[in-house]
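Tertiary structure, described
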Amino acid sequence: MSAVLQRQEDREQMYFRLKSTAMINPNHEWLSCMIASWCVGQGVLPDYLGLALEQFSALKTDFFPECYIPELASSVSQLDYNRMLEKDDLVKLLKKFSKADTNETDWIIAIVVAGCLGSDHLWQDLGLWSRSQLTDLLRYNFPMLAEKNNKDMKWKKFLYKQLCETEGLYLCRAPSCEVCIDYSKCFGSEE
Ligand code: SF4
């Protein structure tokens, strides 16, 4: 079996182990996918999934009490999360639009922000298995923010554009997206 196929099989096995605990809510499914990917080195999530250690421990206890999950990322391309200058602004943005003020929401926010550190599509950097999973995750946890993406902009681009607009910055060179030469960078397939 090739290394790629073996990795996919390992990911699936981890996913089924994670899913064997009782389903709590829809975040359980997305966390299972992200953690399974993270365990086999897919995505860019750093150690503890980008959470503080105590958050990571609480997440494991709440969602996956019977499953062993390592603490450190196995990804070969570890990115320097501490150099992410926009981290606090992204957290603030997601907190502002979160539908609940709970520890669980804070975990999801920290994970989504950590995924923004990568250079692929956000769903890939998070280790989700499809773009539609990310859309569902954002709609579930940040419904009013997700609703604002009514032109189906690529999710990472969309989040950063929200940051610019919050700061009153308009960095786009074109007067509208329809006439912009960078259109395909912001819209179009994210698969
Ligand atoms: S398509 Fe062009 S104008 Fe629209 S958000 Fe992207 S860069 Fe800005």
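Let me begin by describing the structure that accompanies this report. Along each chain, the written sequence defines residue order, and numbers are assigned to residues from 1. Per-residue local features of the predicted model are confined to residues with pLDDT of at least 70, and side-chain atom pairs are confined, for both listing and counting, to 80 or more; whole-chain, interface and lining totals are unaffected and use all residues.

1. Some thoughts on the overall build of the protein chain
The condition is simple: Strands here mean DSSP runs of E at least two residues long; helices mean DSSP runs of H or I at least four residues long; both are numbered from the N terminus. For this measure, only C-alpha atoms enter the radius of gyration; the expected value for a globule follows 2.2 Å times N^0.38, where N is the number of residues. Exposure is read from a count of other C-beta atoms within 10 Å of each residue's own; the residue is exposed at 12 or fewer, buried at 20 or more and partly exposed in between. C-beta atoms are placed from the backbone. Here, residues touch in the contact sense if the C-beta positions derived from the backbone fall within 7 Å of one another.
In terms of helices and strands, the protein chain carries 10 helices and zero strands. Reading the secondary structure of the protein chain in the N-to-C direction produces α-α-α-α-α-α-α-α-α-α. What you see for the protein chain is a C-alpha radius of gyration of 17 Å, in line with the 16 Å of a compact globule of 191 residues. Taking the principal axes of the C-alpha coordinates as reference, the protein chain spans close to 55 × 40 × 30 Å. Going through the 191 residues of the protein chain one by one, you find that 32% of them count as buried. For the protein chain, the share of sequence-separated contacts (at least 6 apart) that also reach a separation of at least 24 residues comes to 70%.

2. Some words on helix H7 (residues 131-141)
For clarity, the threshold we go by: What the arc covers is the set of directions going from the helix axis to the C-beta atoms.
Where H7 is concerned, the buried positions are Leu134, Leu137, Leu138 and Asn141. Along H7, the residues classed as buried sweep out an arc of 95 degrees about the axis, all on the same side. Residues of H7 that are buried sit in contact with helix H2 (26-39), helix H5 (103-115), helix H6 (122-126), helix H8 (143-148) and helix H9 (155-166).

3. Observations concerning the nonpolar core
To be explicit about the condition: By definition, a nonpolar core groups buried Ala, Val, Leu, Ile, Met, Phe, Trp, Tyr and Cys residues that connect through C-beta atoms lying within 7 Å of each other.
Counting 43 residues, the largest nonpolar core has Met34, Leu45, Ile111, Leu126, Leu128 and Leu134 as the members making the most contacts within it. Looking at this core, the elements that each hand over two or more residues are helix H1 (3-19), H2, helix H3 (53-63), helix H4 (87-97), H5, H6, H7 and H9. Setting aside anything within four residues of it in sequence, one finds leucine 128 in contact with Trp30, Cys33, Met34, Trp123, Gln133 and Leu134.

4. Brief notes about unusual backbone geometry
With a phi close to 60 degrees, leucine 49 is a non-glycine residue in the positive phi region. Mapped onto the fold, leucine 49 is located in the loop between H2 and H3.

5. Some remarks on the environment of leucine 128
Mapped onto the secondary structure, leucine 128 falls in the loop between H6 and H7. Along the backbone, leucine 128 and tryptophan 30 are 98 residues apart, and their C-alpha atoms lie at a distance of 6.9 Å.

6. Here's the deal with the packing of H4 against H9
Cut-off, in case you're wondering: Where helices are involved, their axes are fitted lines through C-alpha atoms of the stretch in contact, as for all axes, and angles between N-to-C directions lie from 0 to 180°. Should an angle lie under 35 degrees it is considered roughly parallel, over 145 roughly antiparallel, and from 65 to 115 roughly perpendicular; all remaining angles are considered oblique.
The geometry of H4 relative to H9 is characterised by a closest axis approach of 10 Å and an angle of 95 degrees between their N-to-C directions. Between H4 and H9, the angle falls in the class roughly perpendicular. Across the interface between the two elements, Asp89, Leu90 and Leu93 from H4 touch Leu159, Gln162, Leu163 and Thr166 from H9.

7. Focus: H5
At 3.6 residues per turn, the α-helix brings residues three or four places apart onto the same side. Our working rule: Expected helix span is computed as 1.5 Å times (number of residues minus one).
Its 13 residues give H5 an end-to-end C-alpha distance of 19 Å, which sits within 8% of 18 Å, the value for a rise of 1.5 Å per residue. Here H5 lies mainly inside the structure; 10 of its 13 residues are buried. Turning to H5, its buried residues are Asp106, Trp107, Ile108, Ile109, Ala110, Ile111, Val112, Val113, Ala114 and Gly115. Summarising the contacts, the buried residues of H5 are in contact with H2, H3, H4, H6 and H7.

8. Topic: the packing of H1 against H2
Just so we agree on the cut-off: In this scheme the handedness of a crossing depends on how the near helix is turned from the far one: anticlockwise by less than a right angle means left-handed, clockwise means right-handed. The nonpolar class holds Ala, Val, Leu, Ile, Met, Phe, Trp, Tyr, Cys and Pro. Asp, Glu, Lys and Arg form the charged class, and all remaining residues, Gly among them, are polar.
Packing of H1 against H2 brings their axes to within 8 Å, and their N-to-C directions diverge by 140 degrees. Between H1 and H2, the angle falls in the class oblique. The handedness of the crossing between H1 and H2 comes out as right-handed. Between H1 and H2, the contacting residues are Arg11, Met14, Tyr15, Leu18 and Lys19 on the first element and Ser32, Cys33, Ile35, Ala36, Ser37 and Cys39 on the second. Partitioned by chemical class, the residues of the contact of H1 with H2 number seven nonpolar, two polar and two charged.

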